[in-house]
Amino acid sequence: MEPIIRADNVWKVYGTGDAATYALKGVSVEIYPGEFVAIMGPSGSGKSTLMHILGLLDTPTKGHVYVHGTDVSTLGEDERAILRRKTLGFVFQQYNLSPSLTAIENVELPMLFAGVPAEKRHKRAKELLEMVDLGNRLYHYPNQLSGGQQQRVAIARALANDPEIILADEPTGNLDTERGKKVMEIFHQLNERGKTIVLVTHDPEIAKHAERVIMIRDGEILGVKKNE
Ligand SMILES: Nc1ncnc2c1ncn2[C@@H]1O[C@H](COP(=O)(O)OP(=O)(O)OP(=O)(O)O)[C@@H](O)[C@H]1O
Ligand SMILES: [Mg+2]
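Residues numbered from 1 in each chain as written. Chains lettered and ligands numbered in written order. Predicted model: local features only at pLDDT ≥ 70, side-chain atom pairs only at ≥ 80, totals over all residues.

Engineer: Looking at this model, I keep getting lost on helix H6 (residues 177-192). Mind explaining?
Structural biologist: Helical geometry: 3.6 residues make up each α-helical turn, so side chains three or four residues apart lie on a common side. Spanning 16 residues, H6 covers 22 Å between terminal C-alpha atoms, matching the ideal 22 Å at 1.5 Å per step. Turning to H6, its buried residues number three or more, namely Gly 180, Val 183, Ile 186, Phe 187 and Leu 190. Each buried residue of H6 sits inside an arc of 115° when the element is viewed along its axis, so together they form one side. Structural note: H6 exposes Thr 177, Glu 178, Lys 181, Glu 185, His 188, Gln 189 and Glu 192 on the side pointing more than 90 degrees away from its buried face. Residues of H6 that are buried in the fold lie against helix H5 (147-158), strand S7 (165-169) and strand S8 (196-201). Where H6 terminates, the next one or two residues include Gly 194, which has phi positive at roughly 105°. (Helix = DSSP H or I, 4+ residues; strand = E, 2+ residues; numbered from the N terminus. Expected span 1.5 Å × (residues − 1). Buried ≥ 20, exposed ≤ 12 C-beta atoms within 10 Å, placed from the backbone. Arc of directions from axis to C-beta. Contact = placed C-beta atoms within 7 Å.)

See below:
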């Protein structure tokens, strides 16, 4: 089976000379359709850097990223943006919702950028918010929602354009155990329905949710562990 995303010998160096930080040192990973993968490592190990590169939000200093076999570095900025929108949905630790938009407007936004007509946008955003159990919070603003609710809005937003993969960077990092559990349940449901999930975490308890755990330390892959 062909991986959806493949990183081949990826290096990321921030800064130059004495100030250079080697955030990734020859990392290769493959993400296959339908997988639930965790990328686990301590703070500063390069997890977010790797996630940004796998998510086409950043480019490697050296090495290549392939999406469905296409070397992303051969694409222009517009082509990359379209590929990102079609293939990838992002969930971040800090939710990253627009504070001036309601929950439903936040979920509609990626569809607006993708040119989806207003009525369809609204209908789908409502369905997605209902799916994450927020049908009764459509017109609340982010600051009127709890952390767990905001993160569920962010998950609904990540699903807006029906991406193949959800990339989530410490999605439960700001949540208490109970709210974190609910967010993890949603990722499981999505995975059962065929969505590929890549979850970045420092927490072994969270990583247990994944079928495959890629362990990273000091910018290098230490190994891969399969969970039951
Ligand atoms: N923009 C940047 N400029 C310089 N160095 C950076 C930059 N971003 C990250 N780094 C460095 O690269 C390394 C990897 O950072 P990264 O954010 O990927 O770690 P992480 O595993 O996500 O950590 P955390 O669990 O704390 O989020 C760290 O040493 C960090 O200081
Ligand atoms: Mg990080």
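Read on, since the account is not over.
Engineer: Could you clarify how one ought to interpret the site of ligand 1 in this entry?
Structural biologist: Near ligand 1 you find 13 residues, and of these Tyr 14, Ala 23, Ser 43, Ser 48 and Thr 49 are the closest. Listing elements by their share of the shell around ligand 1, those giving two or more residues are strand S2 (21-31) and helix H1 (47-54). Counting residues per element, the shell around ligand 1 draws most heavily on H1, which supplies 3 residues. When its residues are assigned to classes, the shell around ligand 1 shows 2 nonpolar, 10 polar and 1 charged. (Near = placed C-beta within 6 Å. Nonpolar A, V, L, I, M, F, W, Y, C, P; charged D, E, K, R; others polar.)

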